[in-house]
Amino acid sequence: MALCVKLGVAVLVASAFYTFFDLGLNLDSKLVRIGESSPRDGLEPPRVSDVRVQASRCLMSPERRFDCARDRALTRRQCEERGCCYFPLNASSNAPLCFYPHSYPGYKMGDLTPTARGQAATLTRASPSYLPQDVATLHLEESQESAGCLRLILKDRWSDRYEVELPARVPQGKISRQDASYAIEYQSNPFGFIVRRVSNGRVIMNSTVAPLLFADQYLQLSTTLASSLVSGLGEHYTSLRLDLNWTSLTLWNRDMAPHAGANLYGSHPFYVVQEGDGLAHGVFLINSNAIEVILQPLPALTWVTTGGILDLYVFMGPDAQTVIRQYLQVIGYPAMPPYWSLGFHLCRWGYNSTNVTRQVAQQMHDANFPMDVQWNDLDYANKGRVFTNDPVRFGDLKETVEEFHQRGLKYVLILDPGISTTSPPGTYHPFEDGIKRDVFIKNASGQLLIGKVWPGATAFPDFTNLETRQWWEDCIVDFYSKVPVDGLWIDMNEPASFVSGSLDGCPETELEKPPYTPRVVGGSLSSFTLCMSARQNASTHYNLHNMYGLTEAFATHSALVKARGKRPFVLSRSSFPSIGRFSGVWTGDVRSNWEQLAYSIPSVLKLSLFGVPLAGADVCGFGGDTAEELCVRWMQLGAFYPFMRNHNDQPYAPQEPFVFGQKAQAAMRSALNLRYSLLPFLYTLFHHAHTSGDTVARPLFMEFPTDPHSQTIDRQFLWGSCLLLSPVLEEGATEVAAYLPPGTWYNLRTGRLAYSTGEYRLLPAPLDTINIHLREGYIVPQQEPALTTTVSRRKPFFLTVALSAKGSAQGDLFWDDGDDIDSFEKGNYSYVVFSARQSQVVSEPIRLNEALDGLALGGLRVFGVPSPPRYVVANGFRVRDFTYDPDTKLLKVGSLTLPMSKMFAVQWAL
C-alpha cells in the first residue's frame, strides 16, 4: 500500500515534468525514478517531496529562464551546486540550460528610510553567492529626480567603487509622490523592485524575476520589458528594433568595421521601449565598464557589467520624444554645430599631397558640386606623427588652407591620440613636452605604457588628467598657428592599438583576466587596445576605457574654442553618453555595398536617440570599390544624413562625385543642391536639438507612436516632424515601396498630394529621383543653393508651405552668423515664426539681430491651394509673378523682395 502511494506521488511529479515537455522541453532525463541512484555523485537519492519542490521551483516556460551560467559553462552538477535548475532543451531553442529557480536566494532588504529626494535602504546577503569577491552589503538609494524621472542606485555599502560622473541637468526641486508618473514597490526577500506607470498600472520594470548579483567584477540585474519594441543599446550593426530572440549585445568600444555580432566603436547603455499604445519609456545604466546585455523573448533584459555600480535612470516619457528629452537632461543637450558643417564634406585616405588636395577641391568646383569642407586623412602628417605636416608633400599646407578660406571653403584634418615615442631627441615637441608634464597613461608598474599605432611605438594621453587637457590644448593652439584648421577629426580613440595591451604585454591580474568577460571581439578586454591595469588619473583603464573618446572629445572641443574663438567642429569615432555635447560621430569603416547602405539608416537614427544628432555614415562606403549606381543612391540618402561626408580608403577606386558618368553626376548634383536648399530648415532643427532636446533625423515611431507600421520602420526616416525620406536601398530598383503614415503628404518636388490612411505606396524612383514628402500643416524655410554655404547664406530665402485640410500651416527659422560660440545663450540670433491661415502666409519675427539684415524672401510655394487664385498680394502690393497648377494644386509665387527681418504677409484671393 505504501508503495502505491509513493508511485502515485511519482506519477504526479512526472506529469508536472511532462507539462514542460508539452512546452517544447526535453526534461524527462531529470526525473529521478524510485529506486534509482541520484545523478549527483556521492549524494543520497532525493526524496519524492524534494523532487516535487524542485519541479515547482523550476516550473517555467523557456522564455522565462534567466541564465544562471552566464559567467561560464556549467555541467549539470555545477549548475545544481549553485542551487539552479538544469533542464536540457530541444536543439532549436537558445534558452539557457542552467537557470535560476523561483525565489532564488539573494539580498534581503532592510527598512526604507526617507532621504532628501526619496528613500534608502540597506541590502544584506545571509550567505555569499557563487561569485568571487561577493559584496555582502549594498546601499539602495531611490531618488525622485522629476515627475517623469526615477533614479535607482545600488552600490557597495562600505567600500568606494568607480562611479561615472555626468553633468546632471534634471530639475533638483523635490516633488510629491502624488505628482510622479511612476510608482515603485519592493520585494524584500529576495530583493527586487517593480516600477509601474501610474496612469494605467503597466509594469515598466520588474527585477523580481531573477536575482540581483553584486560582486567586485560581476554585477547582474534582470528585468521584464513592457513590450518587444526595444531600440537602443548601441553601437551595434542591428536594425532599429532589437532582436529579443536570445541575443547578446556587448558594450565595449572597439576599432571594428561594422558587421553583425560585434562590439563596435561606441557604448550607449540606454534603451527606449515603445509600449505599443503610443506610450514609451527609457532606461539608462550609467556605467563605463564592459557591459553585456542579454535580450530574451519573454520579453526581458539582463544587464551584466564587470565593475562600477548599478546606477539606473528610468524615464517615463510619456512619449518617445519626451523620453529622449528626459535622457538629455541627464547627459546634456547636444552642441550647436557651425552652419558650414552641415554642408558637404569630402575626404579620402590617399590625398597624399597639397597639390592633390587642391586639385580635388578644384574639380568639385569646376563640376558645379556644392562642397563646404575639404579634409585630409593622416597623409598630411610627417611619418604619421600628429601635430606635424610632411615638409615635402604638405610643406605648403598653411598656404593651401588659407587659399581654401579665400574661396569660402573650410578645412578639417585627422588627429589621432597616439603620440610617437621614437622621434630623435629635440625633434618632436608634443611627446617631449608631454613627458615633462606627465600626461601619458602608465602601465601597472608606473612606467609609460607603449602601444603601437600608425607612427609606430606610441604613448596615449590621459584625458582624465587636467594637465593633459591643458597640454592637448597647447598642442592644438600651436599647430593652429601653423595650419589654421576649421575643425578636427579624432579617430582611433577607442583607443585603438595594433598590439593588444602594450608592446610589453600586460601583467597577470584580475583586471586583465576578470572572472567574467563579455562577448567581445578578440575574446579579451585588452584586444587591440590598452592593458586594463593601465593607470589613469581618474582610475584604471579597466573602468575608463569606454570613456576615452568622450574625454578626448571634451579636450578637443575646448582646445578649438581657445584656438579659433569660434564654434568648434569635432568628429569622433568612439562615443559614450554625452559625447553629443562636444562632437559629432560617424559610423566608422562601412563597406561599399547595398546592405551597409541600408543599415546606415538605423545606425544614424540610434545615434540620434543617444543625443548625437550630428551623425552620418561615409557616403558611398569606406572599404571596397563602390559602384556608380550604389554611389548615386548613397549620395541621395547621404544628402539627408545630418552630417554628410564622402570618404573612402586608399586602396580602392576613387568615388568623388566628378569621377562618374554625366547621368550619375547630374543625380548627385541634384541631391546636393536639394540638401543645400534645405540647410536653413536643418539648421533650425539643430537649434531645437541644442535648446530643447529634439531629434533631427527621427524614426517614424517618434511622430506616429500609435501607428503599428511606424513602430518598426527603419528604411525610411524623418527630418524633424515633417520631412519624410524614402530612399532607394536596393540595386537596380527604379521604384520604392514607401510607407506614408496616416495623413496628407505632398511630394516635395512636384507638390502632388497623397492622402494616406497608413499604407505603402509604390513610388517611381529612377536614378535621378529621391522621394521626399512634406507633411501637411508645416512650413519649411529654404534658400537658393550655391557651391558653398558662404555664398548660399547670402541668397534669397523661399518658403514651402504644406496646407492642412483647414488651410493652415506653421514653421520657424533660427538664424545667426553660423559660427558664434553660444549665440543662443547670449541672445545673439534671430528667430522668425511663419504661419499660414485664411489664404495667406505671414511672418512674425520673435527676436532679431543683424544676422538677417539684407536677406529677403524671394518666393514661396504653397501646396494644397484648392482653386486658382484671382490675384496675389505681398505686403499690400499686387504680385504679377505667380503660377498655379490645377492638377497638383500648387501655387508658386516669385520675384519677391520681402525683408526677412520684418513682418510680411503674402495673400491670395480665391
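Preceding this section is the structure that the text describes.
Trainee: Is there a simple way to explain the overall build of the protein in this structure?
Mentor: Within the protein one finds 16 helices and 51 strands. Projected onto its principal axes, the C-alpha positions of the protein cover 110 × 75 × 55 Å. Counting the 910 residues in the protein, one finds 62% classified as buried. The long-range fraction of contacts in the protein, counting pairs at least 24 apart against all pairs at least 6 apart in sequence, stands at 69%. In the structure as shown, the protein presents an accessible area of about 33300 Å², 51% of it carried by carbon and sulfur atoms. For the protein, the distance from the average position of its 80 positive side-chain charges to the average position of its 89 negative side-chain charges is 4 Å.

Trainee: What is the right way to read the pattern of salt bridges from this model?
Mentor: Two side chains bearing opposite charge may form a pair once their charged atoms approach each other closely. In this structure the tally under the stated criterion is 38 salt bridges. Residue Glu 81 pairs with Arg 77 through a salt bridge whose shortest N-O separation is 3.2 Å. Placement of both Glu 81 and Arg 77 in helix H3 (residues 76–81) is noted, with a separation of four residues, approximately one turn of the helix. For Glu 81, a relative accessible area of 57% corresponds to the exposed category. With its nearest N and O atoms 2.9 Å apart, the salt bridge here joins Arg 437 to Asp 474. Of this pair, Arg 437 sits in helix H7 (residues 429–437) while Asp 474 sits in helix H8 (residues 466–482); the two residues are 37 residues apart in sequence, bridging distant segments of the chain. What you see here is one network of salt bridges that share partners, running through Asp 67, Arg 70, Glu 292 and Arg 519.

Trainee: Would you mind showing me how to read helix H4 (residues 320–331) here?
Mentor: A turn of α-helix holds 3.6 residues, and therefore any two residues three or four places apart point the same way. With twelve residues, H4 should cover 16 Å at 1.5 Å per step; its first-to-last C-alpha distance of 17 Å lies within 8% of that length. Of all twelve residues in H4, ten are buried; the element is thus mostly enclosed. For H4, the set of buried residues is Ala 320, Gln 321, Thr 322, Val 323, Ile 324, Gln 326, Tyr 327, Leu 328, Val 330 and Ile 331. At its buried positions, H4 is contacted by strand S15 (268–274), strand S16 (280–285), strand S19 (310–315), helix H11 (594–609), strand S32 (697–698) and helix H15 (700–703). At the exit of H4 stands Gly 332, carrying a positive phi of roughly 105°.

Trainee: I keep staring at the state of the cysteines and nothing clicks. Help me out?
Mentor: A covalent bond between the sulfur atoms of two cysteines is what we call a disulfide. Enumeration over the complete set of coordinates arrives at five disulfides. Paired by a disulfide, Cys 68 and Cys 84 hold their sulfur atoms 2.1 Å apart. Note on the Cys 68 and Cys 84 pair: the S-S dihedral is about 65°, so by sign convention the disulfide is right-handed. One end of the pair, Cys 68, is in the loop between helix H2 (48–58) and H3; the other, Cys 84, is in the loop between H3 and strand S1 (85–86), with 16 residues separating them in the sequence. In this pair, the class of Cys 68 matches that of Cys 84, namely buried.

Trainee: Can you help me understand the environment of Ala 69 in this one?
Mentor: Among the structural elements, Ala 69 can be located in the loop between H2 and H3. In sequence terms Ala 69 and Val 230 are 161 residues apart; their C-alpha atoms lie 25 Å from each other. Those residues within four positions of Ala 69 in sequence are excluded, and the remaining contacts are Leu 74, Arg 82 and Cys 98.

Trainee: What exactly am I supposed to notice about the sheet that holds strand S21 (residues 373–376) here?
Mentor: Each strand in a sheet pairs with its neighbour through backbone hydrogen bonds, running either in the same direction (parallel) or in the opposite one (antiparallel). Judged by pairing direction, the sheet is parallel, and its nine strands sit side by side in the order S29-S28-S27-S26-S22-S21-S20-S31-S30 without closing on themselves. A single partner strand is all that each edge strand has here, and the edge strands are strand S29 (615–616) and strand S30 (618–619). Bridge count for strand S28 (residues 584–586) against S29 is two bridges, and the pairing is parallel. Among the inter-strand pairings, Val 585 is bridged to a residue of S29, identified as Ala 615.

Trainee: Just checking my understanding: could you explain the packing of H11 against helix H12 (residues 628–638) for this structure?
Mentor: When two helices pack together, their arrangement is given by the angle between the helix axes and the distance between those axes. Following both chains from N to C, one finds H11 and H12 inclined at 5°, their axes separated by 10 Å at the closest point. For the element pair H11 / H12, the angle class is roughly parallel. Two secondary-structure elements touch here, H11 through Trp 594, Gln 596, Leu 597, Ser 600 and Ile 601 and H12 through Glu 629, Leu 630, Arg 633, Trp 634 and Leu 637. For the contact of H11 with H12, a count of residues per class yields six nonpolar, two polar and two charged.

Trainee: What should I look at first to understand the packing of aromatic side chains in this one?
Mentor: The relation between two aromatic rings is expressed through the spacing of the ring centres and the mutual angle of the planes. A full pass over the atoms with the stated rule returns 41 aromatic pairs. With 5.6 Å between their ring centres and 70° between their planes, Phe 463 and Tyr 548 make a pair best called edge-to-face. Residue Phe 463 is located in the loop between strand S25 (456–459) and H8, and its partner Tyr 548 is located in helix H10 (residues 548–564); the two are separated by 85 residues in the primary sequence. Consider the rings of Phe 554 and Phe 582, whose centres lie 5.2 Å apart with planes at 75°: the pair is edge-to-face. Here Phe 554 is found in helix H10, whereas its partner Phe 582 is found in the loop between strand S27 (570–572) and S28, with 28 residues between them in sequence.

Trainee: Sorry if this is basic, but what is going on with the sheet that holds strand S10 (residues 203–206) here?
Mentor: Reading across the sheet, the three strands line up as S8-S9-S10 and stay open at both edges, with antiparallel pairing between neighbours. A single partner strand is all that each edge strand has here, and the edge strands are strand S8 (182–188) and S10. Across the sheet, the mean angle from the axis of one strand to that of its neighbour is 15°, orientation sign disregarded. Bridge count between strand S9 (residues 191–197) and S10: three bridges; the pairing is antiparallel. Paired with Ile 194 across the bridge in S10 is Asn 206.

Trainee: Can you help me understand the pairing of strand S31 (residues 644–648) in this one?
Mentor: Look at any regular strand and the pattern is simple: side chains alternate between the two faces of the sheet. Taking burial as the measure, the five residues of S31 include five buried ones, the bulk of the element. Burial of the side chains of S31 extends over both faces: Met 644, Asn 646 and Asn 648 are buried on one face and Arg 645 and His 647 on the other. Sheet topology note: the strand S20 (residues 344–348)/S31 ladder contains five bridges and is parallel. Note that in S31 the partner of Leu 346 across the bridge is Asn 646. The sheet contact formed by S30 and S31 spans two bridges and is parallel. Considered in S31, the bridge of Val 619 is made with Asn 646. This β-α-β element, S30 to H12 to S31, shows right-handed connectivity.

Trainee: Got a minute to help me understand helix H13 (residues 662–677) in this structure?
Mentor: With 16 residues, H13 ought to run about 22 Å at 1.5 Å a step, and its terminal C-alpha atoms sit 22 Å apart, in line with that. Looking only at H13, the buried set comprises Ala 664, Gln 665, Ala 667, Met 668, Ala 671, Leu 672, Arg 675, Tyr 676 and Ser 677.

Trainee: It is not clear to me how the nonpolar core should be interpreted in this structure. Could you clarify?
Mentor: One recurring pattern in soluble globular proteins is that nonpolar side chains are buried together. In terms of nonpolar packing, the biggest core is built from 191 residues, with Phe 284, Tyr 380 and Phe 640 touching the most fellow members. Among the elements that take part in this core, H11 stands out by supplying eight residues, more than any other. When near neighbours in sequence (up to four residues on either side) are disregarded, Phe 284 contacts Leu 166, Pro 269, Phe 270, Asp 311, Leu 312, Tyr 313, Phe 315, Tyr 327, Val 330, Ile 331 and Pro 577. Counting residues in each nonpolar core, the second largest holds 43 residues, with Ile 184, Val 195, Leu 233 and Val 283 among its members.

Trainee: Sorry if this is basic, but what is going on with the environment of Ala 262 here?
Mentor: The topology assignment puts Ala 262 in the loop between strand S14 (247–251) and S15. Overall, Ala 262 belongs to the buried group, its relative accessible area being 3%. For the pair Ala 262 and Gln 810, spaced 548 residues apart in the sequence, the C-alpha separation amounts to 44 Å. With near-sequence residues (within four places) excluded, Ala 262 lies in contact with Glu 235, His 236, Met 256 and Val 521.

Trainee: Would you mind showing me how to read the side chain of Asp 486 here?
Mentor: By secondary structure assignment, the location of Asp 486 is in the loop between H8 and strand S26 (487–490). Residue Asp 486 is classed as buried on the basis of its relative accessible area of 4%. Polar side-chain contacts of Asp 486 include one of 2.7 Å to the side chain of His 405. From its side chain, Asp 486 meets the backbone nitrogen of Tyr 411 in a polar contact 2.7 Å long. If we skip the residues at most four places from it in the chain, Asp 486 touches Trp 340, His 405, Lys 410, Tyr 411, Arg 564 and Phe 569.

Trainee: Help me understand the pairing of strand S46 (residues 871–874), please; the structure alone is not making it clear to me.
Mentor: Sheet topology places S46 next to strand S51 (residues 905–909); four bridges connect them, and they run antiparallel. Bridge pairing in S51 places Ala 874 opposite Val 906. In the sheet, S46 pairs with strand S47 (residues 877–879) via three bridges, with the strands oriented antiparallel. Paired with Ala 874 across the strands is Phe 877, a residue of S47. Counted along the chain from S46 to the antiparallel partner S47, the turn is two residues long, and its residue Asn 875 has a positive phi close to 50°.

Trainee: So what exactly am I meant to see when it comes to unusual backbone geometry here?
Mentor: Backbone phi values are negative for most residues with the exception of glycine, while trans is the configuration of most peptide bonds. The residue after Leu 298, namely Pro 299, is reached through a cis peptide bond having omega 10°. When you line up the elements, Pro 299 lands in the loop between strand S17 (291–296) and strand S18 (300–305). The omega torsion across Glu 494 and Pro 495 is 0°, close enough to zero to call that bond cis. Examined against the element boundaries, Pro 495 turns out to sit in the loop between S26 and helix H9 (541–544). Non-glycine residue Gln 133 carries a positive phi angle of around 55°. Here Gln 133 shows up in the loop between strand S5 (118–125) and strand S6 (137–146). In this structure, Phe 528 is a non-glycine residue whose phi angle is positive, near 55°. Owing to a relative accessible area of 37%, Phe 528 belongs among the partly exposed residues under this scheme.

So, how was this worked out
Residue positions are given per chain, counted from 1 along the sequence in the order it is written. The predicted origin of the model limits local features to residues at a pLDDT of at least 70 and limits the giving and counting of side-chain atom pairs to 80 or more, whereas totals for whole chains, interfaces and linings rest on all residues. Hydrogens and water molecules were not included; the side-chain quantities draw on all heavy atoms of the structure. Working definition: helices are DSSP H or I runs of at least four residues, strands are E runs of at least two. Numbering for both runs from the N terminus. Under the scheme applied here, a residue whose accessible area is under 20% of the maximum for its type counts as buried, over 50% as exposed, and between as partly exposed, the area being computed with a 1.4 Å probe on protein chains only. Only heavy atoms enter the contact rule, under which two residues are in contact if any of them lie within 4.5 Å. We get accessible surface area from the Shrake-Rupley algorithm with a probe of 1.4 Å; when it comes to residues, only the shown protein chains can shield them. Two residue types count as positive, namely Lys and Arg, and two as negative, namely Asp and Glu; His and chain ends fall outside the count. Working definition for charges: the position is that of NZ of Lys, CZ of Arg, CG of Asp or CD of Glu. The term salt bridge refers to a side-chain nitrogen of Lys or Arg lying within 4 Å of a carboxyl oxygen of Asp or Glu. A helix is expected to span 1.5 Å multiplied by its residue count minus one. Any two cysteine sulfur atoms lying within 2.5 Å of each other are counted as a disulfide. Paired strands, in this sense, are two strands between which DSSP finds at least two bridges. Orientation is described by axes fitted as lines to C-alpha atoms, over the contacting stretch for helices, and by angles from 0 to 180 degrees between their N-to-C directions. Our angle categories are set so that under 35 degrees counts as roughly parallel, over 145 as roughly antiparallel, 65 to 115 as roughly perpendicular, and the remainder as oblique. Lys, Arg, Asp and Glu make up the charged group, whereas Ala, Val, Leu, Ile, Met, Phe, Trp, Tyr, Cys and Pro make up the nonpolar group; the residues left over, Gly among them, are polar. Pairing of aromatic side chains here covers Phe, Tyr and the six-membered ring of Trp, requires ring centres within 6.5 Å, and sorts the geometry by plane angle: under 30 degrees stacked, over 60 edge-to-face, intermediate tilted. Whether a crossover is right-handed comes down to one check: with the strands pointing away from the viewer, does the path from the first strand over the helix to the second run clockwise; if it does, it is right-handed. Buried Ala, Val, Leu, Ile, Met, Phe, Trp, Tyr and Cys residues that are joined via side-chain atoms within 4.5 Å together make up what is termed a nonpolar core. Within 3.5 Å is the distance limit for a polar contact, defined as a pair of N or O atoms, with the added protein rule that one can donate a hydrogen and the other accept it, and that residues adjacent in sequence qualify only through two side-chain atoms.

Purely geometric numbers; function is a separate question.
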